[in-house]
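Okay, here's what each chain looks like letter by letter:
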Amino acid sequence: MTWRFPKNAPSTGGIPDVEDVNESLTDMIDEMEGSLNEHNIADGAFTLQFLDNAAQYQLASVYTDANGVDPYGTAPAGTKYVQLCDTWVPVKSMDFASRGSAVWILGSAQLTVWETTFGVMVGIRVDGTVIAESILGSGEPDNNPLVAGAYGINSNTYGIERKACPAVVESIELLSPGQHTIELVVNQIRLGSTASFTTPRVFDRELILVELEDF
Amino acid sequence: MPITFTPLEEGDGLSAASLNNRFSSYETEVNGLAETRVLDRSLNNRHYDSAIYSSVEMNWNPAPTVRCPSGNGAGGVNDHLYTKAGRTISDGTNVMSISFDQHPMNDSPTYGTLGGMLVLFDAHLIDFGILGGGSPNQYNKIQLAGIWLEWTPGGGIWNQIARSRRYLSCTDDSGGFYMQGTERSNIGFRTLITASDLGGSQISGVRVFAQAFETGGTAFWTSGFTLRECSLSLIPFYAKKV
């Protein structure tokens, strides 16, 4: 509320009245009891030190540290083996209590695909639903099959299938208030082939959340 | 100075001058409140809905920049050494770096402390393969491009964050010719540096290293790659890590 102050200013030569004086000051004191607004704050008065450290962002991260081993080294503790399957396998996950805002989700992983006929896809899954826009690795294979012989790769190959390949996926999602499960997921593409396969591996990987308060 | 109000009582001596004087001091306070009127960290997003207190720095290398042959010790500014048997890195190339004022980190930061630094790196690379010792345009799955993140507390000390290491092989597992000539591929990572990474130290810079590897070939071939466009972004957050 904007108020006029002083409400009853004594005039020169006038007789001050106690009630007038109290009335003027009471309004002001009431405002200062928690109703101050932007009109009452001096320009530039507030800096970072006054903000609560969860005022605008909250951070969360989980990772598996495979100690940076290269794909030809011995599979370290924590290595995730992705079985041949038609479902998405979580390689890193976290439960996150959202305050009801946008969340920037970032996933980063080192993949090793020991197979030449089965590629993999990487994506972000929120509460059991894979975010289609986050998928890396030709999630829609019909338009993008690799041609037999090209680059020495067999036909019927989709997705990522280099011997060693880093993957980065990201998405910004609006989350309702409450608990959510966020996952970095990998899916090996079967494509109906019965050829033998070797299980892809996921070494170092990290899942990061930056909760962005509403703008 | 606390603002207090003592109501006037019947019988208090009054004059216009003394009252206006008193009003004047309150008016000054109310119309220009200083930051000292607000307790530290008493404001939250309900009071302050558009504060931006992060920053981003980006670098872009517009031209072919780094040749990273992992040979047998051949000279050259950008030549890098390795020992094949143990795949030990003995040298690398600093691709790009960002320096800033020294900052402490804490999962529940107070003013002047950071809750985390989000580091994003992406690069294109070309000419990935064997540069010598084999026939031209010979590529093999044993060639790896590697990158990783390092941070410094200052004083020339650099510490690697192992989980940021990423490798890209030249081929698929069949060893087929995957990368050809100027064909591009990309490599990158995302890492959130937090207090647990610093071990109580402060941070004053980050850099990305690149290294060419050859892991199990028949000879000390000189393999490598050329980095093209690179982007290193850093977002420091004054934010709680939950």
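Computed from a prediction, not measured in an experiment: that's the story for all the values here. (Residues numbered from 1 in each chain as written. Chains lettered and ligands numbered in written order. Predicted model: local features only at pLDDT ≥ 70, side-chain atom pairs only at ≥ 80, totals over all residues. Heavy atoms only, no water.)

1. Concerning the overall build of chain B
Phase 1 of the analysis: Helices and strands together make up the secondary structure of chain B, namely 2 helices and 13 strands.
Phase 2 of the analysis: Counting all 242 residues of chain B, 48% fall into the buried class.
Phase 3 of the analysis: Residue pairs at least 24 apart in sequence account for 77% of intrachain contacts in chain B once pairs closer than 6 positions are excluded. (Helix = DSSP H or I, 4+ residues; strand = E, 2+ residues; numbered from the N terminus. Buried < 20%, exposed > 50% of the residue type's maximum accessible area, 1.4 Å probe, protein only. Contact = heavy atoms within 4.5 Å.)

2. A closer look at the pairing of strand β8 (residues 178–188) of chain A
Residues and elements named next belong to chain A.
Phase 1 of the analysis: Of all the 11 residues making up β8, 8 are buried; the element is thus mostly covered by neighbouring parts of the structure.
Phase 2 of the analysis: Taken together, the 7 bridges between strand β5 (residues 120–126) and β8 define a ladder with antiparallel strand orientation. Residue Arg125 lies in a different strand from β8, and its bridge partner there is Glu183. (Pairing = 2+ DSSP bridges.)

3. Some remarks on the environment of Leu106 of chain A
Phase 1 of the analysis: Positionally, Leu106 of chain A belongs in strand β4 (residues 101–112).
Phase 2 of the analysis: The sequence separation of Leu106 of chain A and Val169 of chain A amounts to 63 residues, and the corresponding C-alpha distance is 6.0 Å.
Phase 3 of the analysis: Once residues within four sequence positions are removed from consideration, Leu106 of chain A is found in contact with Val169, Glu170, Glu206, Leu207, Ile208 and Val210 of chain A together with Leu118, Leu120 and Arg190 of chain B.

4. What about the pattern of salt bridges?
Close approach of charged atoms lets side chains of opposite charge pair.
Phase 1 of the analysis: Under the counting rule described, the total for this entry stands at 7 salt bridges over all chains.
Phase 2 of the analysis: Glu183 of chain A serves as the salt-bridge partner of Arg125 of chain A, at 2.6 Å between the closest nitrogen and oxygen. Highlighted residues: Arg125 of chain A in strand β5 and Glu183 of chain A in strand β8, separated in sequence by 58 residues. Accessibility assignment for this pair places Arg125 of chain A and Glu183 of chain A in one class, buried.
Phase 3 of the analysis: Residue Glu206 of chain A is joined to Arg163 of chain B by a salt bridge in which the shortest nitrogen-to-oxygen separation is 2.9 Å. A residue pair is termed interchain when its members come from two chains, as with Glu206 of chain A in strand β9 (residues 201–212) and Arg163 of chain B in strand β9 (residues 157–169).
Phase 4 of the analysis: Bridged by salt links that share partners, the residues Glu170 of chain A together with Asp122 and Arg190 of chain B form one connected network. (Salt bridge = Lys/Arg side-chain N within 4 Å of Asp/Glu carboxyl O.)

5. Regarding helix α1 (residues 18–32) of chain A
All names here are of chain A.
Phase 1 of the analysis: Taking 1.5 Å as the rise per residue, α1 with 15 residues should run 21 Å; its terminal C-alpha atoms sit 21 Å apart, in good agreement.
Phase 2 of the analysis: Restricting attention to buried positions, one finds in α1 the residues Val18, Val21, Asn22, Ser24, Leu25, Met28, Ile29 and Glu31.
Phase 3 of the analysis: N-cap assignment for α1: the residue whose side-chain oxygen lies 2.9 Å from the backbone N of Glu19 is Asp17. (Expected span 1.5 Å × (residues − 1). Polar contact = N/O pair within 3.5 Å; in protein donor to acceptor, adjacent residues only side chain to side chain.)

6. Some points on the confidence of the model for chain A
Residue and element names in this part refer to chain A.
Phase 1 of the analysis: Of all residues in chain A, 76% have pLDDT values of 70 or greater, and the mean over the chain is 78.
Phase 2 of the analysis: Taking the mean pLDDT of every element in chain A, the minimum, 76, falls on strand β2 (residues 80–81) and the maximum, 96, on strand β6 (residues 129–130).
Phase 3 of the analysis: Low pLDDT, under 50, characterises residues 146–156; the predicted model gives this stretch 26 contacts beyond four residues in sequence or across chains. (pLDDT = per-residue confidence, 0-100.)

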